[in-house]
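# An overview of the molecular structure
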Amino acid sequence: MTVDRILPTDEAHDLLDLATELADRELAPKAADFEERAEFPRDVLRTLGRSGLLGLPYPEEHGGAAQPYEVYLQVLEILASRWLAVAEAVSVHTLSCYPVAAFGSDEQRKLLPDLLGGELLGAYCLSEPQGGSDAAALDTRAVRDGDAYLVSGTKAWITHARTADFYNVFCRTGGPGPKGISCLLADAGTAGITPQAAERTMGLRSSPVAQIAFDEARVPADRLIGGEGAGFTIAMSALDSGRLGIAACAVGLAQAALDYAIGYARERQQFGRAIIDFQGLGFTLADAATQISAARALTLAAARLRDAGRPYSIEAAKAKLFATDMAMRVTTDAVQVLGGAGYVSDHPVERYMREAKVLQIVEGTNQIQRLVISRALAKG
């Protein structure tokens, strides 16, 4: 299905055309095979980086494309509609560049051209085995030792854990609570940093997720971002942006599921007519199309607030909540439209449904999004 888009510039239109071309050529033909083999498409990420699609929302002087977040999210949606794991990788990498771009020193920002160009891949190390949604309770500790910090602890559910070139490591340099948390930018090859065995996930099997063990890993003190105690502020600020990225991924995935279900329903004949002509099924598709449009509008409205420099945290939570719940419903309905055919891997909708589930969990579970929104309502 063609999506009508209103974009701010001709350059933005060109970027979406480029994203569509690359997605059709580099992503769509490879997705099923890579997912089946659980192989991460590192070269695809390099191609996207060399095409300028990994640094879209960052300034040109740092190697980015200086595009509004509204445009970046629509690129993510296009990528997700062809291969969610790649779109999520772009979202995670963009999130991983954020601490240095937004809070780093001038010297640290000299790293950005390499980070944004796709030659280096990033990961975001916030979650821990016992921490879950309580990010302020993290236990990983960094102790100052001369001109470096010695980092010890374990991070969990880290996307790109076994393939990343650098890690944003949120660790405790002070006392308990959020004020004791700092952020360090660590090279993945640092002695004492050991990615563990990859998790066996329900979906996104081509995306490597694992725990990372830190055993007195020595990270130079000049890799401290924003000063000691700034880590929790950095983490929460980054997550607001990351939630919009996940919302856009959800919209793209749901659009792919709807498009496939429509195509199948037009061709599948029962009782002498195409099944899309039966009201019960046609209404299901109509509801899905409406929900996708609503999620897209909500996500882009939050992005426009971000682009305008206005508060958008609550709107990002709403967008992430609505879009990912919507994607779970739409992908499940797409399987139902195909009936028994939807339950086998000959058709991609069963993979779409498995993939949709994780979007309700990452970047803050949807229960956390509801908590964020309800607390804002309570404050008036």
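Just so we're clear, the structure is a prediction, and the values are computed from it rather than from any experiment. (Residues numbered from 1 in each chain as written. Predicted model: local features only at pLDDT ≥ 70, side-chain atom pairs only at ≥ 80, totals over all residues. Heavy atoms only, no water.)

## Section: the overall build of the chain
Along the chain, the regular secondary structure elements total eleven helices and ten strands. Taking 2.2 N^0.38 as the reference for a compact globule, 380 residues should give roughly 21 Å; the C-alpha atoms of the chain span a radius of gyration of 21 Å, in line with that estimate. The principal-axis extent of the C-alpha atoms belonging to the chain is close to 80 × 45 × 40 Å. Looking at the chain as a whole, 53% of its 380 residues are labelled buried. (Helix = DSSP H or I, 4+ residues; strand = E, 2+ residues; numbered from the N terminus. Rg over C-alpha atoms; globule rule 2.2 N^0.38 Å. Buried < 20%, exposed > 50% of the residue type's maximum accessible area, 1.4 Å probe, protein only.)

## A closer look at the UniProt feature "domain: Acyl-CoA oxidase/dehydrogenase middle" (unreviewed entry) in the chain
Under the present numbering, the feature "domain: Acyl-CoA oxidase/dehydrogenase middle" (unreviewed entry) in UniProt falls on residues 123–216. Counting secondary structure, residues 123–216 comes out at 0% helix and 48% strand; the distance between its end C-alpha atoms is 19 Å. (UniProt positions renumbered as here; feature names shortened; annotations may be inferred.)

## Structural notes on the layout of surface pockets
The method is simple in principle: a probe with the dimensions of a water molecule rolls over the atoms, and the space it marks as empty is what remains. The space that makes up the largest pocket amounts to roughly 1400 Å³. Looking at the lining of the largest pocket residue by residue, the class counts come to 25 nonpolar, nine polar and twelve charged. (1 Å grid on protein atoms, 1.4 Å probe; cavity = no way out; pocket = protein on both sides within 12 Å on 5 of 7 lines; lining within 4 Å. Points joined across faces, edges and corners; volume = space filled by probe spheres on them. Nonpolar A, V, L, I, M, F, W, Y, C, P; charged D, E, K, R; others polar.)

## Let's talk about the state of the cysteines
Should the sulfur atoms of two cysteines be covalently bonded, the bond is a disulfide. Throughout the structure, instances matching the rule amount to zero disulfides. Just so you know, Cys125 is unpaired, no disulfide at all, and the nearest cysteine sulfur is the one on Cys183, 9.4 Å from it. Distance from the sulfur of Cys171, which forms no disulfide, to the nearest cysteine sulfur (Cys183) is 7.5 Å. Since its relative accessible area comes to 0%, Cys171 is described here as buried. (Disulfide = S-S within 2.5 Å.)

## Points about the pattern of salt bridges
Where charged atoms from two side chains of opposite charge come close, those side chains can pair. Applying the stated criterion across every chain, the model contains 21 salt bridges. Its salt-bridge partner being Glu26, residue Lys30 comes within 3.0 Å of it at the nearest N-O pair. Residue classification places Glu26 among the buried residues on the basis of a relative accessible area of 18%. Residue Arg370 is joined to Asp325 by a salt bridge in which the shortest nitrogen-to-oxygen separation is 2.8 Å. Note that Arg370 is positioned in helix H11 (residues 366–379) and Asp325 in helix H9 (residues 313–338), a separation of 45 residues in sequence. Sharing partners across several salt bridges, the network here consists of Glu21, Arg25, Glu26 and Lys30. (Salt bridge = Lys/Arg side-chain N within 4 Å of Asp/Glu carboxyl O.)

## Some remarks on the packing of aromatic side chains
On inspection of all chains with the given rule, the structure shows five aromatic pairs. Ring plane angle 75° and centroid distance 6.3 Å describe the contact between Phe271 and Phe278, whose orientation is recorded as edge-to-face. The lysine or arginine in question, Arg37, covers the ring of Phe34, its NZ or CZ lying 4.8 Å from the ring centre. We note Arg306 situated over the ring of Tyr69; from NZ or CZ to the ring centre the distance is 3.9 Å. (Phe/Tyr/Trp six-rings, centres within 6.5 Å; stacked < 30°, edge-to-face > 60°. Lys NZ or Arg CZ within 6 Å of the ring centre and 35° of its normal.)

## A closer look at the nonpolar core
Counting 78 residues, the largest nonpolar core has Leu48 and Leu73 as the members making the most contacts within it. By residue number, the principal contributor to this core is helix H7 (residues 231–267), which donates 16 residues. In contact with Leu48, not counting residues within four places along its chain, are Leu22, Leu53, Leu54, Leu79, Val86 and Val90. Counting residues in hydrophobic clusters, the runner-up holds 24 residues, among them Leu95, Leu115, Ala135 and Leu138. (Core = buried A, V, L, I, M, F, W, Y, C linked by side-chain atoms within 4.5 Å. Contact = heavy atoms within 4.5 Å.)

## Here we look at the packing of helix H4 (residues 69–82) against helix H8 (residues 279–307)
At a minimum axis separation of 8 Å, H4 and H8 run at an interaxial angle of 145°. Note on element contacts: H8 touches H4 through Arg296, Thr299, Leu300, Ala303, Arg304, Arg306 and Asp307, opposite Tyr69, Glu70, Leu73, Gln74 and Glu77. Within the contact of H4 with H8, the residues separate by chemical class into four nonpolar, two polar and six charged. (Axes fitted to C-alpha atoms, helices over the stretch in contact; angles between N-to-C directions.)

## A few points about empty space enclosed by the protein
Counted under the stated rule, the structure contains four cavities of 30 Å³ or more. The wall of the largest cavity is formed by Tyr58, Tyr69, Tyr72, Ser91, Thr94, Leu95, Tyr98, Ala238, Ser241, Gly242 and Gly245. The set of elements that each furnish at least two residues to the lining of the largest cavity consists of H4, helix H5 (84–103) and H7. Classifying every residue of the lining of the largest cavity gives six nonpolar, five polar and no charged.

## Notes on H4
Taking 1.5 Å as the rise per residue, H4 with 14 residues should run 20 Å; its terminal C-alpha atoms sit 20 Å apart, in good agreement. For H4, the tally of buried residues reaches 13 of 14 residues, placing the bulk of the element in the interior. (Expected span 1.5 Å × (residues − 1).)

## Thoughts on the packing of H5 against H7
One way to put it is that H5 packs onto H7 with a least axis distance of 9 Å and a crossing angle of 160°. Looking at the two axes, H5 sits roughly antiparallel to H7. For the crossing formed where H5 meets H7, the hand is right-handed. Every residue of H7 that contacts H5 at Leu84, Ala87, Glu88, Ser91, Leu95, Tyr98, Pro99 and Phe103 is listed here: Ile234, Ser237, Ala238, Leu239, Ser241, Gly242, Gly245, Ile246, Cys249 and Leu253. (Parallel < 35°, antiparallel > 145°, perpendicular 65-115°, else oblique. Left-handed = near helix turned anticlockwise from the far one by under 90°.)

## Overview of unusual backbone geometry
Despite not being glycine, Ala38 has its phi angle at roughly 55°, a positive value. Tracing the chain through its elements places Ala38 in the loop between helix H2 (31–37) and helix H3 (42–50). For Ala66, which is not a glycine, the phi torsion comes out positive at approximately 55°.

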